[in-house]
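Residue strings, one per chain:
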Amino acid sequence: MFTGLVEEIGTVDKLEQLDDAVRITVSCPTVTADAAPGDSIAVDGVCLTVVEIVDCADGATGFTADVMQETLNRSRLGSYEQGSRVNLERALAAGARFGGHIVQGHVDGVGELVSRVPSEHWDVLRFSLPAQLARYVVEKGSIAINGTSLTVSAVGEDYLEVSLIPTTLRDTTFGDLAVGEPVNFEVDVVAKYIEKMVEVYH
């Protein structure tokens with residue numbers, strides 16, 4: 001489980017095409033400081049299993065992970081290139097402070113950045129919202145976008161907006177996310193559980 005609090009911006013060091021998967025190498029000295037094979041690390045909100053701790057071309061420590069075709073098809077990971085910047089978070093340790101919201105590392109859908117409106121103290125980012133996810137998104141509710149726990153500041157039938165402070169823009173990849181780029185969505189799992197339970201009584 002994750003909380004959606006990004007610990008580090010990593011860089012895609014290498015992409016190795018396998019028969020039905022891609023082996024990705026990410027340069028990230030912070031999240032690999034105590035990582036070992038078998039550990040979970042969220043990459044833009046996708047829970048990946050560490051295969052190996054390696055030295056990367058930039059001299060930093062990183063890790064490799066295998067990404068199956070299903071994940072490539074259902075997330076933004078299929079658009080990665082060498083040099084892509086990614087949000088990273090280690091799995092939550094027992095007893096650690098819980099600062100975001102419950103994030104599983106399971107992508108529910110992909111949208112894209114539609115617009116960004118900068119101001120002196122924050123940027124407002126609008127994203128397209130897949131129709132099948134709209135019922136789970138509410139104003140002032142939580143959503144994970146590229147693995148980052150964010151509060152929805154506005155929502156419509158086919159879009160949602162978030163207002164990001166300078167710290168978030170600096171410490172995540174949202175600072176340089178361009179209009180048209182894809183993003184991973186994970187909606188609040190609590191909403192999905194409630195929906196499932198209510199269905200029993202209909």
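Residues numbered from 1 in each chain as written. Predicted model: local features only at pLDDT ≥ 70, side-chain atom pairs only at ≥ 80, totals over all residues. Heavy atoms only, no water.

Our working definition: UniProt positions are given in the numbering used here, feature names are shortened, and annotations may be inferred rather than shown by experiment.
If you check an unreviewed UniProt entry, the chain appears there as Riboflavin synthase from Corynebacterium appendicis CIP 107643. The Subunit (unreviewed entry) field of the UniProt record for the chain holds the comment "Homotrimer." Turning to the chain, the UniProt record has this under Pathway (unreviewed entry): "Cofactor biosynthesis; riboflavin biosynthesis; riboflavin from 2-hydroxy-3-oxobutyl phosphate and 5-amino-6-(D-ribitylamino)uracil: step 2/2."

1. Describing the sheet that holds strand β12 (residues 159-164)
Convention followed: Paired strands, in this sense, are two strands between which DSSP finds at least two bridges. Here a strand is any run of E in DSSP of at least two residues, a helix any run of H or I of at least four, and the numbering for each starts at the N terminus. As a rule, the C-alpha atoms of each element are fitted with a line to give its axis, helices using only the stretch in contact, and angles between N-to-C directions run from 0 to 180 degrees.
The sheet built from 6 strands closes into a barrel, its strands ordered β8-β9-β12-β11-β10-β13 with antiparallel pairing. The sheet shows a mean angle of 45° between the axes of neighbouring strands, direction not considered.

2. Here's the deal with the pairing of strand β7 (residues 85-90)
Of the pairings in the sheet, the one linking strand β1 (residues 8-17) to β7 comprises 4 bridges and is antiparallel in character. Bridge assignment links Ile9 to a residue of β7, and that residue is Asn87. Two elements, strand β3 (residues 40-43) and β7, share 3 bridges in a ladder whose sense is antiparallel. Bridge pairing in β7 links Ile41 to Arg90.

3. A few points about the environment of Leu129
The cut-off we apply is this: The classification of residues rests on relative accessible area computed with a 1.4 Å probe and restricted to protein chains. Under 20% of the type maximum is buried, over 50% is exposed, and intermediate values are partly exposed. Residues count as neighbours in contact if any of their non-hydrogen atoms are within 4.5 Å of one another.
Its place among the elements puts Leu129 in the loop between β9 (123-128) and β10 (142-145). Using a relative accessible area of 6% as the deciding quantity, one classes Leu129 as buried. As a C-alpha pair, Leu129 and Asp158 span 29 residues in sequence and 4.9 Å in three-dimensional space. Those residues in contact with Leu129 that sit more than four places away from it in its chain are Ala134, Val137, Val155, Gly156, Asp158, Tyr159, Leu160 and Phe185.

4. A short note on the UniProt feature "repeat: Lumazine-binding" (unreviewed entry) in the chain
Mapped onto this numbering, the UniProt entry annotates "repeat: Lumazine-binding" (unreviewed entry) at residues 1-101 and 102-198. Helix makes up 6% of residues 1-101 and strand makes up 43%, while its end C-alpha atoms are separated by 10 Å.

5. Looking at unusual backbone geometry
Backbone geometry at Asp44 places phi at a positive 50°, although glycine is not the residue there. Within the secondary structure, Asp44 sits in the loop between β3 and β4 (46-49). Judged by its relative accessible area of 0%, Asp44 falls in the buried class. The phi torsion at Lys140 lies on the positive side, around 75°, for a residue other than glycine. Locating Lys140 in the fold gives a position in the loop between β9 and β10. Residue class for Lys140 comes out exposed when judged on its relative accessible area of 60%.

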